[in-house]
Every structure is written in structure tokens, then in C-alpha cells.
Amino acid sequence: MIFFLAAAITFHADFEGGALGRVERSGPEHFRCGVPGQADQDNRNRQASWYYFRIDGAEGKRVTVDLVQLLGEYNYKSGTHAITRHTRPLMSTDQRHWSYLPESSVEWLLEEPALRLKLLVGSPRVWIAHQVPYTNAHVAALSKEASKDRAFRDESIGKSVEGRTLRLWTIHDAPGAAPGPKPVVWLMFRQHAWETGSSFAAEGLVRWLLGRDEDAKAARRKIVWKILPTADPDGLAHGGVRFNRNGYDLNRNWDRVLPDKMPEIAAQQRAIYSWLDAGHKVDLF
């Protein structure tokens with residue numbers, strides 16, 4: 001998705017995790033950018049919790065961006081919004097290093113509501129996001145790096161709605177051997193695509209567990225770690241919010257999973273039950 005506006009200034013969201021609604025020009029360097037949001041399977045409970053886009057051609061200019069279309073529903077209560085005066089956006093010039101916009105650059109427009117960003121752009125390209133992004137590319141890179149360690153194993157347990165691989169990682173000193181009496185910990189991350197902090201916690205844990213710290217070595221030796229790193233890879237790809245591509249919340253439907261509608265939950269449950277049916281245990285989930 002590419003928006004051409006104000007001659008040389010363009011808005012883009014055509015990359016992994018990108019999310020941007022309609023863009024309108026309000027002035028020479030003033031734009032209204034819709035936050036696309038996401039609704040559930042009944043077209044209710046719209047959540048506008050994620051935006052991630054790039055601005056090109058604005059170097060040296062003072063650009064004003066109003067983030068609009070923030071209102072939605074939560075638990076069937078209308079008028080709610082996750083983006084508020086307290087949720088300052090982040091900006092990057094390389095998609096690797098991110099910093100919050102200063103408070104002086106962010107204004108809350110209560111009447112609409114909208115979040116106004118006042119940017120003095122110092123680079124040919126700048127990326128704006130609600131939180132620091134963490135995409136499937138980050139997951140793949142971590143898996144590739146971790147796979148060099150003999151204590152790490154990466155396996156496929158199924159496919160998402162759009163056919164992306166659902167992964168299960170195992171970490172312990174002898175991943176091919178029976179766990180014996182070791183405690184078993186299952187961890188699941190990123191049920192809601194916009195909650196990127198979950199993935200940073202997962203990466204931090206994996207890096208620590210595979211590190212040289214004596215406590216980490218003991219954790220690998222004494223505990224079997226089973227990690228579901230990404231419950232919604234489609235959401236990571238599309239810049240989703242809290243529902244899979246069929247509109248189902250991957251956190252709230254574990255008790256009534258429909259395999260054709262929620263293959264992500266079905267695959268994770270299968271992996272857990274297969275582990276238990278093989279005579280193993282789960283001490284903490």
C-alpha cells in the first residue's frame with residue numbers, strides 16, 4: 001500500500017507488519033492518517049491498537065500527522081480506544097533503532113479523538129510505529145541463530161490460516177532424549193499480534209537460556225523448556241491487532257476451538273496433548 005501526497009511526500013505500509021489506513025492531506029505538510037484497526041468474526045470489537053508506516057520525501061520539513069479513526073469497541077462496549085494521550089509513538093530511520101517522540105511533539109485532540117504528531121524530519125525515510133515492531137523475520141532470525149546450539153530444537157506443529165508455519169521450540173541439554181523427572185515449562189507468546197513486547201520477552205529468555213551464565217546452564221540442565229514463539233504469524237505479517245485472519249481471538253477461544261477457523265489454537269493444543277499422550281508432563285504453562 002503506497003499513498004502519494006503533497007508532491008514529494010509519500011506514505012507507505014507495504015512491508016511486513018505495516019498498517020496504515022486512509023491518508024488525507026489537510027495542508028501542505030499536514031496529513032490525516034487512519035489507524036486501520038481490526039474487528040472480530042462478527043465484525044464487532046474493533047481494535048485500533050496498531051499502526052506502522054513509513055514517510056518518504058520529507059527530509060528537512062516540519063510534517064504534522066494526525067492519527068485518526070481511533071474509536072472502537074472492547075468487550076462490546078463502544079467508544080473505547082487503546083491509543084491515548086499517554087501512548088507516544090516511536091520513530092526510526094532504519095527499522096532497527098527506535099526512540100519515542102518527545103512529549104512536546106505529541107498532542108492529544110480530545111474532541112475527535114486524534115493523536116497529533118509534529119515531526120521535524122531529518123532523514124529521507126522515517127518509520128513511525130505504536131510499539132517497536134517484531135515481525136516473522138525477527139522470529140526466523142532468532143531461530144536460525146539459536147539452531148547453532150545443540151540444546152535448541154525448532155519444529156513445525158502446524159499452519160496458520162494463511163499457511164504460515166507454527167513453530168515449537170524446545171530448549172534443554174539433550175533435546176532428543178526423554179526428559180525423565182525434569183520439570184517441564186511451556187511458554188506461549190504473541191497471541192495478539194500488536195503486543196510486540198511479548199516477543200522481546202521471548203527472545204530475551206531464549207538468549208539467556210542458551211548463554212553462558214551459570215544459572216542459565218542450570219536452567220537448561222534441570223528444566224525442559226517448550227516455547228511457542230508466535231501464536232499469530234499472519235497477524236505479524238499483516239500488522240494485525242488481536243484476531244486471526246478469520247477474526248477469532250487466539251487468547252479467548254481455547255475452550256471452544258474450531259480447527260478450520262482457529263488452526264493456530266488447534267495446532268498448539270495438539271502439540272500439548274501429543275506431549276502428554278507420550279507420557280510426559282507439563283508443570284507450568
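Shown above is the structure to which this text applies.
Please read all numbers here as calculations on a predicted model, not as lab measurements.

Thresholds applied
Residues numbered from 1 in each chain as written. Predicted model: local features only at pLDDT ≥ 70, side-chain atom pairs only at ≥ 80, totals over all residues. Heavy atoms only, no water. Helix = DSSP H or I, 4+ residues; strand = E, 2+ residues; numbered from the N terminus. Buried < 20%, exposed > 50% of the residue type's maximum accessible area, 1.4 Å probe, protein only. Core = buried A, V, L, I, M, F, W, Y, C linked by side-chain atoms within 4.5 Å. Contact = heavy atoms within 4.5 Å. Arc of directions from axis to C-beta. Pairing = 2+ DSSP bridges. Lys, Arg positive; Asp, Glu negative; His and termini not counted. Salt bridge = Lys/Arg side-chain N within 4 Å of Asp/Glu carboxyl O. Polar contact = N/O pair within 3.5 Å; in protein donor to acceptor, adjacent residues only side chain to side chain.

*Asks:* In this structure, what is going on with unusual backbone geometry? I would like to understand it.
*Replies:* Backbone phi values are negative for most residues with the exception of glycine, while trans is the configuration of most peptide bonds. Of note, the bond from Glu-112 into Pro-113 is cis; its omega dihedral lies within 30 degrees of zero at -15 degrees. Here the phi dihedral of Gln-69 falls at roughly 60 degrees; this positive angle occurs in a residue that is not glycine. By secondary structure assignment, the location of Gln-69 is in the loop between β6 (62-68) and β7 (72-74). A residue is classified by how much of its surface remains accessible, and Gln-69, at 46% relative accessible area, is partly exposed.

*Asks:* Hey, could you run me through the nonpolar core in this one?
*Replies:* For soluble globular proteins, the rule of thumb is that nonpolar side chains tend to be buried together. Of all hydrophobic cores here, the largest spans 27 residues; its most connected members are Phe-11, Phe-53, Ile-55, Val-65, Leu-67 and Leu-117. Mapped by element, the contributors of at least two residues to this core are β4 (30-34), β5 (52-56), β6, β11 (106-109), β12 (114-120) and β13 (125-129). In contact with Ile-55, not counting residues within four places along its chain, are Ile-9, Thr-10, Phe-11, Val-65, Leu-119, Pro-124, Arg-125 and Val-126. Counting 20 residues, the second largest nonpolar core, distinct from the first, contains Val-139, Trp-169, Ala-202 and Leu-209.

*Asks:* What is the right way to look at helix α1 (residues 136-146) in this model?
*Replies:* One turn of an α-helix holds 3.6 residues; hence residues three or four places apart share an orientation. Inspection of α1 places Asn-136, Val-139, Leu-142, Ser-143 and Ala-146 among the buried residues, and these make up the whole buried set. Around the axis of α1, the buried residues are gathered within 125 degrees of arc, so they sit on the same side. Where the residues of α1 are buried, they touch β14 (152-159), β15 (165-171), α2 (197-209) and α4 (233-238).

*Asks:* Could you clarify how one ought to interpret the pairing of β11 in this entry?
*Replies:* The side chains of a regular strand alternate between both faces of the sheet. Relative to β12, β11 runs antiparallel, the two sharing four bridges. Pairing of Trp-108 across the sheet is with Leu-115, part of β12. In this structure, the hairpin formed by β11 and β12 is closed by a connection of four residues.

*Asks:* Quick question: what am I supposed to make of the side chain of Lys-226 here?
*Replies:* Among the structural elements, Lys-226 can be located in strand β17 (residues 224-228). One buried charged residue, Lys-226, forms no salt bridge at all, with the nearest opposite charge on Glu-155 at 4.3 Å. Within the local environment of Lys-226, its side chain forms a polar contact with the side chain of Thr-170, the two groups lying 2.9 Å apart. In this structure, Lys-226 is in contact with Arg-153, Glu-155, Leu-168, Trp-169, Thr-170, Val-184, Val-185, Trp-186, Leu-187 and Trp-275, ignoring residues within four places of it in sequence.

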